[in-house]
Amino acid sequence: MTEDAPQARERIVAGAADMIRRRGLNATSIRETAKHAKAPLGSTYHYFPGGKQQLTTEAVRYAGEMIARNLRRELKAGPVAGLRALLALWRETVVGTDFRAGCTVLAVAIEEPPADEVPPVLAAAAEAFDQWEDLLAASLKEHDVEPDRAAQVATLVVAGVEGTVAMCRAKRSTEPLDRVARQLEEVLTHALNRTA
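Quick word on the layout of surface pockets
Okay, step 1: Computed from the structure, the largest pocket encloses a volume of approximately 370 Å³.
Okay, step 2: In terms of lining, the largest pocket is formed by 19 residues, of which the most central are Arg21, Met66, Ile67, Leu89 and Thr93.
Okay, step 3: Those elements that place two or more of their residues in the lining of the largest pocket are helix H1 (5-23), helix H4 (51-75), helix H5 (79-96) and helix H6 (104-109).
Okay, step 4: Looking at side-chain class alone, the lining of the largest pocket contains 10 nonpolar, 4 polar and 5 charged residues.
Okay, step 5: Within this model, the second largest pocket holds a volume of roughly 180 Å³.
Okay, step 6: Those elements that provide at least two residues to the lining of the second largest pocket are H4 and helix H7 (120-142).
Okay, step 7: The residue inventory of the lining of the second largest pocket, partitioned by class, reads 8 nonpolar, 3 polar and 3 charged.

So, in structure tokens, the structure goes:
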């Protein structure tokens, strides 16, 4: 029995997202992605006629949406629960890969783009960051945090979490994550308490 097209295509996208979070954008090729996803090279080009640019853009959107889905679900219990879930997800990622993988979206954002354009993959990374910030800010506003303050705290959370993931990989330790977790939870609690 053959794998149906949507499943095969998603497996290739997920494989590309995994390669990017481990090796970075520039080190992720179509050939290596096909091998990593255990897919024929020809089918990779069939599903992604736009080549590497199309595949990596979709991989970043896929990774960004996975985080957004997790956030949407956990934020139903409030901003602190959302933060804790986000931190737990990244802890599982860095520890579960022996500090070899980080964030697909961040990996794309830190690589130098061409001087004369904003490539679609970088635009997809910006969209993912915006989406995460918007979800966090909306949750804070639902808990009566003033809109400007909610937006600022949301940006701080996303930047703090993304930065700490990179630090954990470099240091091969979850200590940065533990420290940032405590501080971000205090910031959220303070923002929420100011509205009470």
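Brief notes about H5
Owing to its 3.6 residues per turn, the α-helix brings residues three or four apart onto one side.
Okay, step 1: Compared with the 26 Å implied by 1.5 Å per residue over 18 residues, the 25 Å span of H5 between its first and last C-alpha is a close match.
Okay, step 2: Regarding H5, the residues found buried are Pro79, Val80, Gly82, Leu83, Ala85, Leu86, Leu87, Trp90, Thr93 and Val94.
Okay, step 3: If you follow the buried residues of H5, they end up packed against H1, H4, H7, helix H8 (147-171) and helix H9 (175-193).
Okay, step 4: Asp98 sits one or two positions beyond H5 and adopts a positive phi of about 55°.

Rules behind the numbers
- Residues numbered from 1 in each chain as written.
- Predicted model: local features only at pLDDT ≥ 70, side-chain atom pairs only at ≥ 80, totals over all residues.
- Heavy atoms only, no water.
- 1 Å grid on protein atoms, 1.4 Å probe; cavity = no way out; pocket = protein on both sides within 12 Å on 5 of 7 lines; lining within 4 Å.
- Points joined across faces, edges and corners; volume = space filled by probe spheres on them.
- Helix = DSSP H or I, 4+ residues; strand = E, 2+ residues; numbered from the N terminus.
- Nonpolar A, V, L, I, M, F, W, Y, C, P; charged D, E, K, R; others polar.
- Expected span 1.5 Å × (residues − 1).
- Buried < 20%, exposed > 50% of the residue type's maximum accessible area, 1.4 Å probe, protein only.
- Contact = heavy atoms within 4.5 Å.

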